[in-house]
Amino acid sequence: MPDQYARATAAVEAIRSLSPTTPAIGIILGSGLGAFASQVENAIAIPYADIPHFPQSTVVGHSGKLVLGTIGGVQVAVMQGRVHAYEGYAVEEVVFPARVLGLLGCKTLIVTNAAGGIRSSLRPGELVVLSDHINLTGMNAAGGPNEPRFAMTPGAGQRFFDMSTVYTPKLRALAVMEADKQGFDLTEGIYLAVLGPSFETPAEIRAFRTLGADLVGMSTVHEVIVARHMGLDVLGISLVTNMAAGVVDQAIDHEDVLEIGRNVEKRFTNLLTAIVPKIEAS
Ligand code: HPA
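Residues numbered from 1 in each chain as written. Predicted model: local features only at pLDDT ≥ 70, side-chain atom pairs only at ≥ 80, totals over all residues. Heavy atoms only, no water.

As for the overall build of the chain
Just so we agree on the cut-off: Working definition: helices are DSSP H or I runs of at least four residues, strands are E runs of at least two. Numbering for both runs from the N terminus. When we talk radius of gyration, it's over C-alpha atoms, and the globule rule is simply 2.2 Å times the number of residues to the 0.38. Only protein chains enter the accessibility calculation, which uses a 1.4 Å probe. A residue is then buried if its area is under 20% of the maximum for its type, exposed if over 50%, and partly exposed in between. The criterion used for residue contact is that any of the two residues' heavy atoms lie within 4.5 Å.
When helices and strands are tallied, the chain shows 6 helices and 9 strands. The globule rule puts the C-alpha radius of gyration for 282 residues at 19 Å, and the 17 Å found for the chain is close to it. Of all 282 residues assigned to the chain, the portion counted as buried reaches 55%. The contacts in the chain between residues at least 6 apart in sequence include a share of 82% that link residues at least 24 apart.

Structure representation (structure tokens):
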């Protein structure tokens, strides 16, 4: 098995040779949410192709650049696009960029995604803060030989690690408070991850609702697992792009996912731009 730590270190060195930014916060933008990267000031955008070992997305709506710079004076690294296991990438490749964000110095990882709404009170276009997740992808990105050198905070990097508060409570509260200040309701929800790429059947969605899931998607949990392995704080935000299969009588289309992203861009951008400096100050 290739040495992930050595590979991640090589990626970090390449990034540092191209940008002076030492990011405190890493942000991964999901499907249709890539436009947020234009908020980064003093930006240097590095195509994934120019970073050693960085996997490249094959999905429409994921552009494939790492944007380094500042938001409200805070140094950030923003991933415009991610790769997914359903594209055929090994789970170690899916999480490679998250490992690199940790090694670059990020203490907080903000993960965003497009998701289907299972909870019937949700609406397409709504943002939801993740309170927890259910990983039904059948994979765990922390598997393989344990690599303690990925520990970014004392006590992290263990073979077995706690997952009882994956999504940092104070960051969740901050997001909810900021949304309230901006005049919209931000509820919390539990994200269930499947492998994809097929959307779910109505029977699967009924089963997932019984399991306690509010949202369903094909990303996020792997990056979040390695972020916790490294000891990073995590904030997760889903954009509900459609109601999940069978919740409403309508087929699901990836174009809708991208369209809803464009519609909610401003709200998403305002929320995240306001949160970043507050995380740094907290
Ligand atoms: N299911 C899975 N992933 C998704 C969905 C969905 O309905 N919508 C956006 N990503």
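Okay, back to it.
Some thoughts on the site of the ligand
Worth spelling out the cut-off: Throughout, the term near means that a residue has one or more heavy atoms lying within 4 Å of the molecule or strand in question. Polar contacts, as used here, are pairs of N or O atoms within 3.5 Å; protein pairs need one atom able to donate a hydrogen and one able to accept it. Residues neighboring in sequence count only if both atoms are side-chain atoms. Accessibility throughout is a Shrake-Rupley quantity obtained with a 1.4 Å probe, and a residue counts as covered only by protein chains that appear here. All residues other than Ala, Val, Leu, Ile, Met, Phe, Trp, Tyr, Cys, Pro, Asp, Glu, Lys and Arg, Gly among them, are scored as polar; the first ten of these are nonpolar and the last four charged.
Around the ligand, the structure places Ala114, Ala115, Gly116, Phe199, Glu200, Val216, Gly217, Met218, Thr241, Asn242, Ile252 and Val257. Gly116 has a polar backbone atom sitting 3.4 Å from a nitrogen atom of the ligand. Asn242 places a side-chain nitrogen or oxygen 2.7 Å from a nitrogen atom of the ligand. Considering the ligand on its own, with 260 Å² of exposed area, one finds that the protein chains cover 95% of that surface. Of all the secondary structure elements, the ones that give two or more residues to the shell around the ligand are β5 (108-117), β8 (215-217) and β9 (233-243). Class assignment for the residues of the shell around the ligand results in 7 nonpolar, 4 polar and 1 charged.

Section: the packing of aromatic side chains
Using the following cut-off: Between rings of Phe, Tyr and Trp, where Trp is taken as its six-membered ring, a pair exists when centres lie within 6.5 Å; planes separated by under 30 degrees are stacked, by over 60 edge-to-face, and by other angles tilted. Placement of a charge over a ring requires the Lys NZ or Arg CZ to be within 6 Å of the ring centre, with the centre-to-atom vector within 35 degrees of the ring normal.
Evaluated as defined, the whole model comprises 4 aromatic pairs. An angle of 50° between the planes, with centres 4.9 Å apart, marks the rings of Tyr48 and Phe54 as tilted. Considered together, Tyr48 and Phe54 belong to a single accessibility category, that of buried residues. Between the aromatic rings of Phe54 and Phe96, the centroid separation amounts to 6.0 Å while the plane-to-plane angle is 80°, which identifies the pairing as edge-to-face. Of the two residues, Phe54 sits in the loop between β2 (41-47) and β3 (65-71) while Phe96 sits in helix α2 (residues 91-104), which places them 42 residues apart along the sequence. Looking at Phe54, the relative accessible area reads 7%, which means it is buried. Residue classification places Phe96 among the buried residues on the basis of a relative accessible area of 2%. The positively charged end of Arg99 is found above the aromatic ring belonging to Phe150, 4.1 Å away from the centroid.

Section: the pairing of strand β7 (residues 187-193)
Stated formally: A pair of strands is labelled paired if DSSP reports no fewer than 2 bridges between them. Looking down the strands as they point away from you, a crossover is right-handed if its path from the first strand over the helix to the second goes clockwise.
Here strand β6 (residues 127-135) pairs with β7 via 7 bridges, running parallel. Within β7, the residue paired with Val128 across the bridge is Thr187. Looking at chain direction, β7 and β8 are connected through 3 bridges and run parallel. What sits directly across from Tyr191, in β8, is Leu215. In this region the chain leaves β7, passes through helix α4 (residues 202-211) and returns to the parallel neighbour β8; the handedness of that crossover is right-handed.

Structural notes on the nonpolar core
Where a protein is soluble and globular, its nonpolar side chains tend to be buried together. The condition that has to hold: For this analysis, a nonpolar core means a set of buried residues of the types Ala, Val, Leu, Ile, Met, Phe, Trp, Tyr and Cys, connected via side-chain atoms within 4.5 Å.
The biggest cluster of nonpolar side chains holds 45 residues, and the ones touching the most others in it are Ile15, Leu66, Val100, Leu101, Leu109 and Leu215. Broken down by element, this core gets its largest block of residues, 8 residues, from α2. Sequence-distant contacts of Leu109, defined by excluding residues within four places in its chain, comprise Gly26, Ile28, Ala98, Leu101, Glu223, Ala227, Leu232, Asp233, Val234 and Leu235. Counting residues in each nonpolar core, the second largest holds 33 residues, with Leu29, Val40, Val76 and Ile237 among its members.

Remarks on the pairing of strand β4 (residues 74-80)
Judged by how many residues are buried, β4 sits mostly within the fold: 6 of 7 residues are covered. One ladder, built from 5 bridges, connects strand β1 (residues 25-29) with β4; its direction is parallel. Within β4, the position partnered with Ile28 by the bridge is Met79. Pairing geometry for β3 and β4, over 7 bridges, is antiparallel. Note on β4: the bridge partner recorded for Gly69 is Val76. Hairpin connection, β3 to β4: the antiparallel pair is bridged by 2 residues, and Gly72 has positive phi, about 55°.

Digging into the environment of Ile237
Relative to the elements of secondary structure, Ile237 occurs in strand β9. In the structure, Ile237 is positioned 123 residues away from Ala114 in sequence and 8.8 Å away in space, judged by C-alpha atoms. Excluding anything up to four places from it in sequence, Ile237 contacts Val111, Thr112, Asn113, Leu127, Val128, Leu130, Leu271 and Leu272.

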